[in-house]
Each structure stands twice: as structure tokens, then as C-alpha cells.
Amino acid sequence: MTRKLLILFFFLGSFFLHSQNLVWKTDMNDAIIASDAQRRPLLIFFTASGISQKIQNDIFATPDFAVWSRDNVILVKLDLADTNMSDTAKEQNVRLKNALGIDELPQVCLLLASVKKGKTTFNNLGIVPFKQSGAKGWIADANLILNP
């Protein structure tokens, strides 16, 4: 009996540890290259310091989101108030935010990026709203945008 419990705890523990290790890219150029190579859309999380962490706690910190994101998107976190970011990168991120119609923070946008002959093109798939439906509801909304 104790052996079965130990095995169960080992598997559950490793699952939860693995699920919390999300890899968020913070450089758009790296994210675009990964998206193009893996043929997966970008999930861009626009945020800034002092902004509510509710979406991070209720959605991004869940095992459901970790499994879904690993299989479906390239995660990108753009902190528009990051003081360690170069002025060029900050300006690029603000231009992207404005081009995608992001008017409030935090916000999540899904888009396709491809590179052909050195030119990057974007296809805005949509904004995933944050509702109180939890991670499964949020993932269902994101899937509707990815697979209309």
C-alpha cells in the first residue's frame, strides 16, 4: 500500500513540478523564429508592472494551461514597463501592442507569424478575453480562436 502511495506521489509531484515550468519568451525576434520553425501561433501576454496578476494566477499557473500551451502555442510575455529592456525593444513592443488594438493591460493576443525572404508577416487571430470561467473556460475560448 505504501509503495503504491509513494509511486502516486512521485508521478503527481513530477507532473505538478513540470506543469509550472512555463517558458515565456521575452524577445519578439526569438519568438517569431520559434513560431515559424514550429509552425505554432504566438500567444502574446501584454503586461506591465503594477498590473493585476489575476490572469497569471487563475490561468497561467494551472496544470491545464501548461499542458495546453506546450502543445499549441509559443508563449511570449511582453512587459511594457520593463526597465531592463532597450529603448528599441520597448518601442517595438509598444508599436506591436498598438497595431494589434490592445488598449488595456493585461491582455492576451493570439497571432501567426511567418518569415519569408527576410520579411516578417503577422496574422492577428484575436484577443482572448479573461473571464471568471477558470483555466478550462479560457482554454476553450482560445481554442475557438485558433480553430474557428
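As the structure is a computational prediction, the values presented were derived from the model and not from experiment.

**Notes on the confidence of the model for the chain**
Detailed reading of predicted coordinates is not advised where the pLDDT is low.
Moving on, step 1. Residues of the chain with pLDDT of at least 70 account for 86%, and the chain-wide mean is 86.
Moving on, step 2. When the elements of the chain are averaged for pLDDT, helix H1 (residues 2–19) gives the smallest value, 48, and helix H4 (residues 63–72) the largest, 96.
Moving on, step 3. Segment residues 12–19: pLDDT under 50, and 6 contacts once partners within four positions in sequence are set aside and those in other chains are kept.

**Points about the side chain of Lys97**
Moving on, step 1. On the secondary structure map, Lys97 appears in helix H5 (residues 87–99).
Moving on, step 2. The side chain of Lys97 is buried and forms no salt bridge, while Asp103, the nearest opposite charge, is found at 7.6 Å.
Moving on, step 3. Within the local environment of Lys97, its side chain forms a polar contact with the side chain of Asn98, the two groups lying 3.3 Å apart.
Moving on, step 4. Ignoring sequence-local partners within four residues, the contact set of Lys97 consists of Phe46, Leu80, Ile102 and Leu105.

**Quick look at the packing of aromatic side chains**
Given two aromatic rings, one states the distance between the centres and the angle between the planes to describe the pair.
Moving on, step 1. Counted by the stated rule, this structure contains 9 aromatic pairs.
Moving on, step 2. Plain terms: the ring middles of Trp24 and Phe65 are 6.5 Å apart, the flat faces sit at 15° to each other, and that makes the pair stacked. Of this pair, Trp24 sits in the loop between H1 and helix H2 (28–38) while Phe65 is found in helix H4, placing the two residues 41 residues apart along the sequence.
Moving on, step 3. Judged by relative accessible area, which is 22%, Trp24 ranks as partly exposed.
Moving on, step 4. On the basis of relative accessible area, Phe65 is assigned to the buried category, the value being 0%.
Moving on, step 5. Counting every residue linked through ring pairs, the aromatic cluster contains Trp24, Phe45, Phe60, Phe65, Trp68 and Trp138.

**As for the sheet that holds strand E4 (residues 119–128)**
Moving on, step 1. The strand order across the open sheet formed by 4 strands is E2-E1-E3-E4, and the pairing between neighbours is mixed. Both outer strands of the open sheet, strand E2 (74–79) and E4, are each paired with one neighbouring strand and no more. Across this sheet, the average inter-strand angle for adjacent strands is 30°, counted without regard to direction.
Moving on, step 2. For strand E3 (residues 107–116) and E4, the ladder comprises 9 bridges, and the chain directions are antiparallel. Within E4, the residue paired with Leu110 across the bridge is Gly126.
Moving on, step 3. Against the sheet, H2 contacts strand E1 (42–47), E2, E3 and E4, and its axis sits at roughly 165° relative to E2.
Moving on, step 4. Across the face of the sheet, H5 comes into contact with E1 and E2 while running at roughly 105° to E1.

The rules we used
- Residues numbered from 1 in each chain as written.
- Predicted model: local features only at pLDDT ≥ 70, side-chain atom pairs only at ≥ 80, totals over all residues.
- Heavy atoms only, no water.
- pLDDT = per-residue confidence, 0-100.
- Helix = DSSP H or I, 4+ residues; strand = E, 2+ residues; numbered from the N terminus.
- Contact = heavy atoms within 4.5 Å.
- Buried < 20%, exposed > 50% of the residue type's maximum accessible area, 1.4 Å probe, protein only.
- Lys, Arg positive; Asp, Glu negative; His and termini not counted.
- Salt bridge = Lys/Arg side-chain N within 4 Å of Asp/Glu carboxyl O.
- Polar contact = N/O pair within 3.5 Å; in protein donor to acceptor, adjacent residues only side chain to side chain.
- Phe/Tyr/Trp six-rings, centres within 6.5 Å; stacked < 30°, edge-to-face > 60°.
- Pairing = 2+ DSSP bridges.
- Axes fitted to C-alpha atoms, helices over the stretch in contact; angles between N-to-C directions.

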